[in-house]
Structure formats: C-alpha cells, structure tokens
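Survey of secondary and tertiary structure
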Amino acid sequence: MLTNRLFVAGCAVAASTAAHAQTELSIYFDVSQAVAAPGDIVTYTIMAELLNPTGTVLATVADIGFNLSMSGDDLTIQNNDFSPAFDSDFFGPANDGVVSGDAIIGALGGNTLPPLNNAGGPDSSNPLTIYSFDVVVPANPAQASYRLEVFELVGQVTGAYTGVPFPIILTYQDAQGNPGDTSVSFQNSIFTEFQIIPAPSSGLALLGLGALAARRRR
C-alpha cells in the first residue's frame, strides 16, 4: 500500500503575486488524450520544470524516486520507463519500477551529475521529460473516467545549477522524505483524467475532446 500519499486530483495551485517569485520545482502530467474508447491506449508523461531559477540549470531533476497509482484496477499499465537521460553510463539503466495492477511502485532514476555524468552530459532541459507510461483502457470499462490518483515522491529528489568546481545542488526532498531547500508544486492536476466513450469516432468524442482541450493550459 502506498503511504504518505499525495492526492494529485485534489491539488490546488495558487498564482504568486510576490515581487520576487520563489524558485520551485513544478511537476506536471501530460495526458495524450482527454477522451478514450475501450481498447484505446492513453499515454501519461511526467514532466518537471524549475520555475524562477537563480542560476544556470545543469539538471532540472538530477535524481528522483516515486510511486504512483491510477483510479481503476481494471486498467492495464505497460511500457513504463524513464526518459533516456535517467539511464546512466556509469550506474546502468534506471529502475523503471514494478507494475502492480493500476500502480507503479519503486521507480528510481538519476540524471547523473559530473563527474559521473553520461558522455553527453546531464540533460539540462527545462522543462525536462522524466518518465512515461501507457494505460490500456479495458474492453468493458468499470468507470466513466479514469485519472492519475496518487503520485508520491520517495526518498532524495534533487536538481542542480552549474557551479565551479562542483555543481550547486538543489534539494527538493531529502532521503527521509522531508521537504528540502527548494519547494515542489504539482501543476494542472485536473488534466490527469480522461473520459470514456462508447466508440472513438462518435460525435460525443469530438465534442468532449474539443471542450476539454479548450480548458487545457498545456
């Protein structure tokens, strides 16, 4: 069972009006489609963006561990993996986690920093693609919609600025799961949900997709 759960669907994000905005890591979830039919495959992509950085970003995320689960155990999760940046030349492939029903447990990866970084260096993209997985909609869905219900950061989660002679580490969460020196927020959580329709070519699909797409910020 997942503990210390972050219920993504209930997250609310407030816009900051401070003159000097705080640096924070924003984690968000892109969903390939807002409307799906039985048998469709919906792809979730986990992204991270360092907002208001005060230095040159070397790694938006350098290392991360997490658990997650969907809202329906009749779904099938497949093709779950970290982006290539988290596969290390020195430490080996990332641990993509174990699929258990509608959950992924124990995912752990590192976008390795110097001096042990990959030949191409750490991926300094900001935003940075972290991870993706496919959800197969069952032939006879038990629900009218499904969502990413739980996303839990586990253990040490860090990023880094370029520094001399060593990187400047940003700690989002320490090894014990306590908040670090840079805060973390979870954005656009309402778009982790997709609706189920009888057939992909129906007028309802087009109408629903258009309505939901108009609401999307990303």
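As the structure is a computational prediction, the values presented were derived from the model and not from experiment.

If you trace the backbone, Phe 66 turns up in strand E4 (residues 57-70). The class for Phe 66 is buried, based on a relative accessible area of 1%.

With that settled, the discussion passes to the confidence of the model for the protein chain. Looking at the protein chain as a whole, the pLDDT averages 83, with 80% of positions reaching at least 70. Predicted confidence for residues 1-19 stays below pLDDT 50, and this span has 31 contacts to residues more than four positions away or in other chains. Note that pLDDT drops below 50 for residues 199-218; the model gives that stretch 27 contacts with residues more than four away or on any other chain.

As a further point, take the nonpolar core. Ile 130 and Phe 194 are the most contacted members of the largest nonpolar core, which totals 41 residues. In terms of residues, this core owes the most to one element, E4, which gives six residues. Counting residues in hydrophobic clusters, the runner-up holds five residues, among them Leu 58, Ala 59, Leu 113 and Ala 160.

Burial analysis of strand E3 (residues 41-51) places eight of its 11 residues in the buried class, which makes it a mostly covered element. Alignment of strand E1 (residues 24-31) against E3, held across eight bridges, turns out to be antiparallel. By the bridge assignment for E3, Val 31 is matched with Tyr 44.

About the cut-offs
- Residues numbered from 1 in each chain as written.
- Predicted model: local features only at pLDDT ≥ 70, side-chain atom pairs only at ≥ 80, totals over all residues.
- Heavy atoms only, no water.
- Helix = DSSP H or I, 4+ residues; strand = E, 2+ residues; numbered from the N terminus.
- Buried < 20%, exposed > 50% of the residue type's maximum accessible area, 1.4 Å probe, protein only.
- pLDDT = per-residue confidence, 0-100.
- Contact = heavy atoms within 4.5 Å.
- Core = buried A, V, L, I, M, F, W, Y, C linked by side-chain atoms within 4.5 Å.
- Pairing = 2+ DSSP bridges.

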